Structure formats: C-alpha cells, structure tokens
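Fold and contact review
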Amino acid sequence: MPDRSHMQRTIELARRNVADGGWPFSAVIVRGGAVVSEGVNTVQKTYDPSNHAEIAAIRAATTRLRTLDLSGCEMYVVGLPCPMCMTCILVSRIERVIFAVDAAAKDKALSALPSTRELYRTLGRDLSAMGPDFVQLSEFSDAGVDVFNEWNGKART
C-alpha cells in the first residue's frame with residue numbers, strides 16, 4: 001500500500017519548486033519504505049528539456065545506489081509522467097508509479113504545456129500496457145491541481 005507521507009512530501013517539493021520560480025513537478029523514489037532520492041523539474045532554470053523531476057530523481061537514485069536497476073522501487077509524482085519520463089521509468093525498472101493527478105486533470109490545469117494524453121495518443125500506446133503498476137492517490141488530486149494552479153498564476157519564462 002502506498003505511503004501517503006511520501007505523496008505529501010512530493011506535493012510539498014512541487015509547491016516549494018513553484019515558490020522558487022520552478023515548474024510544479026517533483027518526484028520521490030522510495031525503496032522498502034525509505035526515500036532513496038528526490039527530484040524537481042528544472043527545465044526553465046537549465047534550459048534543458050530533459051530536466052524533468054522524474055529523470056532528476058532517477059539520476060540521483062541510480063547514482064546513490066550505484067546501479068541502473070531500480071527494481072523494488074516506487075516513484076511518487078504529482079502528475080502522470082510524460083512519455084520521456086515513462087521511458088526512463090521503464091528502463092530503470094521502477095515497479096510502481098504513484099501519482100496524484102491523472103492525465104485529464106493535469107492537462108486541464110496545465111494548458112500552457114503539451115498534453116500528456118495527446119503525447120501518449122501520438123505514441124499509440126495504452127498506458128496499462130507500459131509495464132509498471134499505476135496507482136492513483138486521488139485524495140491528493142486537489143492538492144496536486146492546486147500546485148499546478150499556483151504555477152499557472154506565476155509569470156513563466
């Protein structure tokens with residue numbers, strides 16, 4: 001069963017990233033109940049489109065654990081990962097992705113960004129066929145959308 005405290009931490013990291021001028025995305029990787037790594041989206045600060053929170057957290061986890069194989073790990077994220085992040089999740093063998101905001105709500109709240117649903121549709125893949133188990137903690141959906149809306153209210157560069 002997912003640990004709700006890890007999702008709360010994920011939401012707080014995203015909220016802090018928005019307050020610091022970043023985008024409303026964060027990721028926490030957990031193994032055996034312990035946090036292995038955390039990451040936030042730094043695309044706007046580094047001008048690197050691959051600096052998504054999920055990838056930052058995976059980079060930190062693989063470096064810390066000194067392995068490319070994150071089997072046994074779970075990843076907590078605010079919104080459903082994009083296809084680029086999903087690819088990295090699959091390659092690193094993360095077993096479960098726990099998210100607060102589904103694709104429809106994410107796309108609605110973040111209309112200035114590419115649509116996650118459209119990206120998946122373009123790839124022609126059904127999310128359920130991608131590999132890891134997906135678990136939505138819908139009780140955190142409103143909090144995740146709130147972080148997205150905080151970001152929407154800030155000037156973006």
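Throughout what follows, the structure given in this document is the object of discussion. Not measured: the values here are computed from a predicted model.

Basis of the calculations
- Residues numbered from 1 in each chain as written.
- Predicted model: local features only at pLDDT ≥ 70, side-chain atom pairs only at ≥ 80, totals over all residues.
- Heavy atoms only, no water.
- Helix = DSSP H or I, 4+ residues; strand = E, 2+ residues; numbered from the N terminus.
- Buried < 20%, exposed > 50% of the residue type's maximum accessible area, 1.4 Å probe, protein only.
- Contact = heavy atoms within 4.5 Å.
- Areas by Shrake-Rupley, 256 points an atom, 1.4 Å probe, with all protein chains shown as cover.
- Pairing = 2+ DSSP bridges.
- Axes fitted to C-alpha atoms, helices over the stretch in contact; angles between N-to-C directions.
- Expected span 1.5 Å × (residues − 1).

Observations concerning the overall build of the protein
- From N to C terminus, the protein includes 7 helices and 5 strands.
- The N-to-C order of helical and strand elements in the protein reads α-β-β-α-α-β-α-β-α-α-β-α.
- When each of the 157 residues of the protein is scored for burial, the buried share is 47%.
- Considering only intrachain contacts with a sequence separation of at least 6, the fraction spanning at least 24 residues in the protein is 62%.
- In the structure as shown, the protein presents an accessible area of about 7700 Å², 52% of it carried by carbon and sulfur atoms.

Examining the side chain of Thr10
- Relative to the elements of secondary structure, Thr10 occurs in helix α1 (residues 4–19).
- Residue Thr10 is classed as buried on the basis of its relative accessible area, which comes to 0%.
- Discounting residues that sit within four places of it in the chain, Thr10 has contacts with Ser26, Ala27, Val28, Tyr76, Val77 and Val78.

Overview of the sheet that holds strand β5 (residues 133–136)
- The strand order across the open sheet built from 5 strands is β2-β1-β3-β4-β5, with neighbouring strands paired in mixed fashion. Two strands in the sheet have a free side with no partner beyond their single neighbour: β2 (34–40) and β5. Across the sheet, the mean angle separating the axes of adjacent strands is 20° when strand polarity is ignored.
- Across 6 bridges, the pairing between strand β1 (residues 26–31) and β2 is antiparallel. Residue pairing for β2: Arg31 is matched across the bridge by Ala34.
- Together, β3 (73–79), β4 (96–101) and β5 form the strand contacts of helix α7 (residues 141–152), whose direction differs from that of β4 by roughly 70°.

Some details on helix α3 (residues 53–65)
- The end-to-end C-alpha distance of α3 is 18 Å, a good match for the 18 Å that 13 residues give at a rise of 1.5 Å each.
- Every buried residue of α3 is listed here: Ala53, Glu54, Ile55, Ala57, Ile58, Ala61 and Thr62.
- Tucked inside the fold, the buried residues of α3 contact β1, β2, β3 and α4 (83–92).
- Looking one or two residues beyond α3, the residue adopting positive phi is Arg66, at roughly 55°.

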